Structure formats: C-alpha cells, structure tokens
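Read off the chains here:
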Amino acid sequence: GARVYGQFFVDPTISFRAINFAERLNTSLRAGSLYPATPDPLLGYIPKPGRHTSWDGSQVTVNPDSTRSNGAPPLRSGSSYLLAVGDSFTWGDQVSDRDTWTAVLERRLSLPIRNGGVFGYGIGQSYLRAKTLIESGGPPDVLLFGLTPDNIERTALAFRTGVVKPTFHLLRDDRLALTGVSENEAKYAESLSLRRDWLRPVRSALGYSFLLHNVLNRVFPEYWLSNRFSVSAHDDGLAVSCALMSEIAKLPVTRKIIVVQYPAHLILAGARPEKLSNLLHCMWKAGLQVVDTFDPLSAVFDADKAAFADFYVGHMSPAGNQFIADQLEPHLRSALPR
C-alpha cells in the first residue's frame, strides 16, 4: 500500500524498486551525487556549473553564473529579465531543464528568466541569493521569490542535509543579524564530530522497506539519515521569516511576487500549516504581492484526483510545473512593462 501511494505522490521512478532507500539518501548534499552542488562562502553551497544527470534521471544544466538553464539558448531582449529564487520547487527538482516552471514562463513570455532556485534553501538563503544575483546581473523587472512551508523551519538551521549554511537571528530590538557559514562551522564542529551513526545496522536492513523508510525518515530524519543531519541554531524560524519579508520588500526591484508552493501531502491534509498562514500575513503586511497555489491545487484535487496525481513526482512533474506557470502568467503579464 505504501508503494502504491508512493507511485502517485512520492516518486514513481523508485517506488517499486528493490533498493535500500535509506542508504541511497544517506549522504550529505555536497558529498554525494544526488545534486550538483559546490561550496560557497556566503550561502553554504550553490549549484555547480556544468551538465549533470540528477538522481532520478532528469537532465540538469547549470550556467556559469550558477543559475539553472531553461533548456534553450538564452533569450535576448535588451536589459529586461525576470529573476526567480527559492528552493527545490523553484529549481525544478526531478524534471529536466525545459520542464521547470521558469522555463515554461520564459517560452510563454519571450523574456529571459534567470532560475536562481537552489535545492534545500531556506528563506534566509533565498534572500541572500536574490541579493547576490541582483548585484551581479542588475535589477530584474520582476523578482519571483519561491518558497514552500518547510522553508520556515529551514531558516532557523545552521546545518541542513549535512551542509553548513548561514543563519539569520533576531536581535532584541527586532533587527536581523547574520551568522555566517564559517562561524556556524566553527561553532558546531565539536558537537558534530561526536555524532555516531548508531542506526547503521538497523538502516541496512529496514531501509529496503519503502514504508518503514518513509515513516522513520519523517519521525526522526536526523538519525535515520545521519549523514544528512540538520542542526537548529534557534527556534524563531517564523519570527525570522517574517522579518525577512520586510527585507525582501526593500530589494531594488519594482515588482516582487512571492510564489508559495506545496508538496502533495499538504494539499491532501486539506489545510495550510499554521506557521505558513502566519507568514502569509507577514507578506501582506510588508506590501508584497503573493501568489499562493494552495487553493488552486486543492480545487484540482477535489475535482479530478487523477489530474492532481499527475502534478507530482515527489516534487512537481512537468504537468505540475505547467500548472504553476498557469497561476503565475497573468500576474506577470500585468506586472511587465508594455
């Protein structure tokens, strides 16, 4: 039953394979071959330039500036361009270059879109990524800032998937302070060196069960995939994420759109996570335009469950990314200069 569920809502390419799912994933993000990453002193890691075959067979091309290709030669349209940042849903995990929603929108709008999404990023990293790409490429006509609900918790982390990251903190006067990559690495080095992979013999046996792997990975992922550990620097993820919305609003871009996406299980749950609902209020308070895909996705699920299932392969499928582009296109056409 778990594998049938996984075929529709987790990953149809691996759900029925006889593999050790846990050992396959038990590697740090930078150390393994799951994602093309390279170290970065500010962000922890960025996509590694070059052509890659991702873990599920999707074809990934990373440009020299560490943005992802949209599957075609870059469009030339003067200085006009759009910039997208965010996590793996913006990056386009589990689909090839032409099937990300940035690629779909680039073809429809005939305007260059730089896909600056990065797998595993939290809101703080995406904000820093936006600043970096704006400084290197100039202000875009529109900034598309993608996020998913778990980005709120990621924002409080000092390490995620075995890789150090920068962490924003709130000071007593509600100002944001940044603890950098090198500081976090030095601060937690001793405690991380004491981590023991005591679950290895259990994982080597139970990891072949698709059901047990997914249950254990949700209940205590830091131990089940001990090489992909995460370390929390504080428990103020929501407050910091709210403060970052105000910083995003200050970026030197005329139009900014927050794009909120959801993994399938949150649509099946039938309600937005409470922290995400609170963060939406922070976005509106900061004056940011928001495209929240929860209601459109829920409407498809209620009307046609087979169509909804076709939207996901764990992350969004090509059909799912087409749907996200459908939600964004009218907002972009009204936002772009005529």
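For the structure itself, look to the data block above.
What counts, and where the lines are drawn
- Note that residues are indexed from 1 along each chain, following the sequence as it is written.
- Residues qualify for local features only when their pLDDT is at least 70, as the model is predicted, and side-chain atom pairs are given and counted only at 80 or more; totals for whole chains, interfaces and linings, by contrast, use all residues.
- In computing side-chain properties, one takes all heavy atoms of the structure into account and sets aside hydrogens as well as water.
- As used here, the term nonpolar core means buried Ala, Val, Leu, Ile, Met, Phe, Trp, Tyr and Cys residues forming a set that is joined through side-chain atoms within 4.5 Å.
- Relative accessibility thresholds used throughout: buried, under 20% of the residue-type maximum; exposed, over 50%; partly exposed, between the two (1.4 Å probe, protein chains only).
- Contact between two residues is taken to exist if any of their heavy atoms lie within 4.5 Å; hydrogens are not considered.
- Between any two strands, at least two bridges found by DSSP are needed for them to pair.
- Numbered from the N terminus, helices here are DSSP runs of H or I no shorter than four residues, and strands are runs of E no shorter than two.
- Note on definitions: salt bridges are taken to be side-chain nitrogens of Lys or Arg within 4 Å of carboxyl oxygens of Asp or Glu.
- Every angle, taken between N-to-C directions, lies between 0 and 180 degrees, and every axis is a line fitted to C-alpha atoms, over only the stretch in contact when it is a helix.
- Only Phe, Tyr and Trp rings are paired, with Trp represented by its six-membered ring, and only when their centres lie within 6.5 Å; those with planes under 30 degrees apart are stacked, over 60 edge-to-face, the remainder tilted.

Attention now moves to the nonpolar core. The biggest cluster of nonpolar side chains holds 77 residues, and the ones touching the most others in it are L144, M245 and I258. Residues within four places of L144 in sequence aside, it is in contact with L82, L83, A84, V85, W101, I257, V259, L328 and L332. Grouped together as the second largest cluster of nonpolar side chains are seven residues, A158, V164, F229 and V231 included.

Strand order across the open sheet formed by three strands is 9-8-12, with antiparallel pairing between neighbours. Edge positions in the open sheet fall to strand 9 (163-164) and strand 12 (231-232), since each of these has one partner strand only. Relative to strand 9, strand 8 (residues 157-160) runs antiparallel, the two being bridged by two bridges. Residue pairing for strand 9: F159 is matched across the bridge by V164.

With that settled, the discussion passes to the pattern of salt bridges. The final tally for this structure, using the stated rule, is 13 salt bridges. Put simply, K250 and E247 hold a salt bridge, and the shortest N to O gap is 3.3 Å. On the accessibility criterion, E247 (24% relative accessible area) is partly exposed. Across the pair R272 and D292 runs a salt bridge whose closest N-O atoms are separated by 2.7 Å. With a gap of 20 residues between them, R272 in the loop between helix 12 (264-269) and helix 13 (274-285) and D292 in strand 14 (residues 289-292) connect regions that are remote in the sequence.

It is worth spelling out the sheet that holds strand 7 (residues 142-147) at this point. The strand order across the open sheet built from five strands is 6-5-7-13-14, with neighbouring strands paired in parallel fashion. Here the strands that pair on one side only, and so sit at the sheet edges, are strand 6 (113-115) and strand 14. Across this sheet, the average inter-strand angle for adjacent strands is 20 degrees, counted without regard to direction. When strand 7 meets strand 13 (residues 255-260), the two strands line up parallel, connected through six bridges. Looking at the pairing, G146 lines up with V259 of strand 13. Along the sheet, helix 4 (residues 101-109) makes contact with strand 5 (82-85), strand 6 and strand 7, crossing strand 6 at roughly 175 degrees.

A separate point is the packing of aromatic side chains. All told, the structure shown has 11 aromatic pairs when counted by the stated rule. When the ring of W91 is compared with that of F119, the centres are 4.9 Å apart and the planes differ by 85 degrees; the resulting orientation is edge-to-face. Residue W91 is located in helix 3 (residues 88-91), and its partner F119 is located in the loop between strand 6 and helix 5 (123-137); the two are separated by 28 residues in the primary sequence. For the pair shown, W91 and F119 are each scored as buried. Between F301 and F308, the ring centres sit 5.2 Å apart and the planes meet at 75 degrees, which makes this aromatic pair edge-to-face. F308 carries the same exposure label as F301, and that label is buried.

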